[in-house]
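Reading the structure
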Amino acid sequence: MTRFSIIIPFHNDAGTIQETLDSIRAQSFTNWEAYCIGDRPSRASCIEVLEHAERDPRIHVALSPVKGPA
């Protein structure tokens, strides 16, 4: 059972979303899951998040087709 969930909204921030996910994955505590919620994200941001999700099953991705707060 997952200990806690992390919600990460993202938009057009390919560089910082990569750093964020790298940092979370590098933690010594491993009993977590992350939900990355894309608010009409750029293609580069989507690629970064999806690549992390492919490498780590604890990372989940949802993309919103509407503009507004994720």
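Quick look at the structure, then.

Conventions adopted
- Residues numbered from 1 in each chain as written.
- Predicted model: local features only at pLDDT ≥ 70, side-chain atom pairs only at ≥ 80, totals over all residues.
- Heavy atoms only, no water.
- Pairing = 2+ DSSP bridges.
- Helix = DSSP H or I, 4+ residues; strand = E, 2+ residues; numbered from the N terminus.
- Right-handed = clockwise from strand over helix to strand, strands pointing away.
- Axes fitted to C-alpha atoms, helices over the stretch in contact; angles between N-to-C directions.
- Contact = heavy atoms within 4.5 Å.
- Salt bridge = Lys/Arg side-chain N within 4 Å of Asp/Glu carboxyl O.

The next subject is the pairing of strand β3 (residues 59–64). By the bridge criterion, six bridges tie strand β2 (residues 32–39) to β3 in an arrangement that is parallel. Bridge pairing in β3 links C36 to V61. Handedness of the β2-helix α2 (residues 43–55)-β3 crossover: right-handed.

Backbone-to-backbone hydrogen bonds join strands into a sheet, with any given pair of strands oriented parallel or antiparallel. One open sheet holds the three strands; their spatial order is β1-β2-β3, and the pairing between them is parallel. The sheet terminates laterally at β1 (4–10) and β3, the two strands that pair on one side only. Strand-to-strand, the axes of this sheet are offset by a mean angle of 20 degrees, without reference to chain direction. Along the sheet, helix α1 (residues 14–25) contacts β1, β2 and β3; its crossing angle with β1, the most-contacted strand, is approximately 170 degrees.

All right, on to the pattern of salt bridges then. All told, the structure shown has two salt bridges when counted by the stated rule. Between R25 and D56 there is a salt bridge, with the nearest N and O atoms lying 3.2 Å from each other. Of this pair, R25 sits in helix α1 while D56 sits in the loop between α2 and β3; the two residues are 31 residues apart in sequence, bridging distant segments of the chain. Among the salt bridges present, the one from R58 reaches D56, with a minimum N-O distance of 2.7 Å.

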